[in-house]
Amino acid sequence: MAGGANEQAADVVVLGAGIVGVSAAYAIRERGLSVILVDRRPPGEETSHGNAGILSSGSILPLNKPSLFKTLPSYLTNQSAALRWNPFWTIRNVDWVLRFLANAVDARVKPRAAALHGLIGASLKLHRDWIARAGVSERIRETGWLKVWRSEAVAAARAEHDFLADYGIKSELLDRQAISALEPNIVPSYAVGLLHSQTASVDSPGNVTKAYARMVAGSGGLLRQSDIKALVTDGDGWRVVLGDGVIRARHVVVALGPWSPDILKPLGYKVPMAFERGYHQEFTPNPARKLQRPIHDAEGSFVMTPMENGIRVTSGVELTDRDAPSNVAQLTQVVPLARAVAEFGEAVAAPWRGARPTLPDSLPMIGPAPRHSGLWFAFGHQHIGFTTGPATGAAVAAMIAQDRPSFDASAFSPSRYL
Ligand SMILES: Cc1cc2nc3c(=O)[nH]c(=O)nc-3n(C[C@H](O)[C@H](O)[C@H](O)COP(=O)(O)OP(=O)(O)OC[C@H]3O[C@@H](n4cnc5c(N)ncnc54)[C@H](O)[C@@H]3O)c2cc1C
């Protein structure tokens, strides 16, 4: 590495210190390359902070699946807790909507599930390894993820169970009694459950991301807090223009989550990304009525998760512009439902808002930029970016080192859209 405070150089500069960028920086250091990780905020304070903390073994079937067409009519009135949509956004983004729906057909289920299964499997191994290496093992809970239905939705639960079993992913079908045995502190409102038993969760995804960032620093990587303004080609490498200086590097990894399209537009890449916005709010837990794991109320359209600072209730999807003003209607709708089944006190903070970055096929972009050497894409992880960050980072590091990722990353190639 060379240069003064305002001008630096490295083999690789990673843009964005969410879970994806932090993971990429760490994996790049593990391969012996010098790295600078840049973010305008401290690591893990945006989308990677506010998620439900689920390390999901079973999220191999994206939201755009055939059953979406059955639920679409229930979204038309725009009152659903599962999905709200801004009509003006929808008109402006009709192309993305149609492409998203075109992927929700039978023929597109298995290829995407197989691709995500490879990515998720590789990532869960890394999370379990890194969380121990980072010295924060107490943050991971191997208690699974419980999906529950109020109605007798045995067929839906069994279909999901069987689908996962085809990929060797274990889950357990539960009746009301079995749910109560697992979660004695919730009201027995749920008739059917499915325990994703190989899924883990963490009590603070933001702090886990920060712990991985400390590993980056501990292994000799540099962290720089600065606003990224532009990305400019520079000989056979790159110049990253920051608010307070410049970094030169042979390789650049774009891991800016929902902000990734902005930096790539001037280079001629029109990334077809939508923002599935979501909210959370945390509430004081009752220590005598603890939850053991994240619980997903499938019909109520919320997840409630025991976190370091309280019970975190997360909302469904809001399709609108990334930076449009917040609308907490979905959160307001689901918090009373959560309160009716779990005991918790007052809100510990104001609602948080984030944006799940989603491409029309719900697969991330992981790989080389189609028209620029030394430019690597690592974004678009929709609902499962916290789970899949480590393997995404490791795959990009492998590609930069001209090695093969540990899973088949061909389905994630950026050239499928650009
Ligand atoms: C409500 C909700 C619940 C979720 N639950 C889960 C879950 O349980 N499990 C799961 O696996 N996933 C979950 N997700 C998805 C997951 O949170 C995301 O996919 C993931 O965090 C994306 O990580 P990232 O590193 O790509 O982006 P981010 O974490 O957003 O990181 C991008 C970084 O880029 C930085 N940045 C952007 N622009 C600039 C700039 N110009 N200059 C400098 N820095 C910049 C930002 O500050 C940020 O730190 C959930 C998401 C939401 C919204």
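Each value, and the rule that gives it
- Residues numbered from 1 in each chain as written.
- Predicted model: local features only at pLDDT ≥ 70, side-chain atom pairs only at ≥ 80, totals over all residues.
- Heavy atoms only, no water.
- Helix = DSSP H or I, 4+ residues; strand = E, 2+ residues; numbered from the N terminus.
- Buried < 20%, exposed > 50% of the residue type's maximum accessible area, 1.4 Å probe, protein only.
- Near = heavy atom within 4 Å.
- Polar contact = N/O pair within 3.5 Å; in protein donor to acceptor, adjacent residues only side chain to side chain.
- Areas by Shrake-Rupley, 256 points an atom, 1.4 Å probe, with all protein chains shown as cover.
- Nonpolar A, V, L, I, M, F, W, Y, C, P; charged D, E, K, R; others polar.
- Domains from an automatic or database assignment.
- Buried area = accessible area lost by both parts, 1.4 Å probe.
- Salt bridge = Lys/Arg side-chain N within 4 Å of Asp/Glu carboxyl O.
- Core = buried A, V, L, I, M, F, W, Y, C linked by side-chain atoms within 4.5 Å.
- Contact = heavy atoms within 4.5 Å.
- 1 Å grid on protein atoms, 1.4 Å probe; cavity = no way out; pocket = protein on both sides within 12 Å on 5 of 7 lines; lining within 4 Å.
- Points joined across faces, edges and corners; volume = space filled by probe spheres on them.

This part covers the environment of alanine 159. Tracing the sequence through the fold places alanine 159 in helix 7 (residues 154-165). A relative accessible area of 46% places alanine 159 in the partly exposed class. Between the C-alpha atoms of alanine 159 and phenylalanine 100, which are 59 residues apart in sequence, the distance is 23 Å.

Once that is clear, we can look at the site of the ligand. Around the ligand, the structure places 29 residues, and the nearest of them are Asp39, Thr47, Ser48, His383 and Thr387. Between aspartate 39 and the ligand, the recorded distance is 2.5 Å, taken from a side-chain N or O atom to an oxygen atom. Histidine 383 has a polar backbone atom sitting 2.8 Å from a nitrogen atom of the ligand. Contact with the protein chains covers 96% of the free accessible surface of the ligand, which is 1,000 Å². If you tally residues by element for the shell around the ligand, the top one is helix 12 (residues 385-400), at 3 residues. Taken together, the residues of the shell around the ligand sort by class into 11 nonpolar, 13 polar and 5 charged.

Here the focus is the domain arrangement of the chain. Along its sequence, the chain is organised into domain 1 (7-49 + 206-272 + 361-416) and domain 2 (74-110 + 140-198 + 274-358). Here the C-alpha centre of domain 2 lies 28 Å away from the C-alpha centre of domain 1. Summed over both partners, the interface of domain 1 with domain 2 buries about 1,400 Å², with 52% contributed by carbon and sulfur atoms. At the boundary of domain 1 and domain 2, one finds 1 salt bridge. In this structure, arginine 322 engages aspartate 262 in a salt bridge whose closest nitrogen and oxygen atoms are separated by 3.0 Å. Applying the counting rule to domain 1 against domain 2 returns 9 residue pairs in polar contact (both at pLDDT 80 or more). Within the side of domain 1 that touches domain 2, the residues separate by chemical class into 3 nonpolar, 9 polar and 3 charged.

Counting 57 residues, the largest nonpolar core has Val14, Ile28, Ile60, Tyr212, Val253 and Phe412 as the members making the most contacts within it. Per-element tally for this core: the top contributor is helix 6 (residues 109-133), with 10 residues. Shared between two domains, this core holds at least three residues of each, these being domain 1 (7-49 + 206-272 + 361-416) and domain 2 (74-110 + 140-198 + 274-358). Apart from residues lying up to four places away in sequence, isoleucine 28 is in contact with Val12, Val14, Leu33, Val35, Val253, Ala397 and Ile400.

For the structure shown, the criterion picks out 25 salt bridges. Note that arginine 133 and glutamate 30 form a salt bridge whose closest N and O atoms lie 2.6 Å from each other. Pair noted here: arginine 133 is in helix 6 and glutamate 30 is in helix 1 (residues 19-30), with a separation of 103 residues, a long-range link. By relative accessible area, arginine 133 is classed as partly exposed at 42%. In this structure glutamate 30 comes out as partly exposed when scored by relative accessible area, which is 45%. For arginine 41, the salt bridge goes to glutamate 46, with nearest N and O atoms at 3.1 Å. By relative accessible area, arginine 41 is classed as partly exposed at 32%. In the salt-bridge network here, residues are joined through shared partners; they are Arg41, Glu45, Glu46 and Lys210.

Bringing the layout of surface pockets into the picture now. When its volume is computed, the second largest pocket comes out at roughly 490 Å³. Around the second largest pocket, the lining is made up of 17 residues, and of these Asn93, Lys270, Val271, Pro272 and Met273 lie nearest the centre. Each of two domains, domain 1 (7-49 + 206-272 + 361-416) and domain 2 (74-110 + 140-198 + 274-358), supplies a minimum of three residues to the lining of the second largest pocket.

This next bit is on the environment of histidine 381. Turning to its location among the elements, histidine 381 is positioned in the loop between strand 22 (375-379) and helix 12. Judged by its relative accessible area of 4%, histidine 381 falls in the buried class. It is 6.6 Å that separates the C-alpha atoms of histidine 381 and leucine 363, two residues lying 18 residues apart in sequence. In contact with histidine 381, other than residues within four places in its own chain, are Val20, Pro357, Pro364, Ile366, Thr388 and Thr392.

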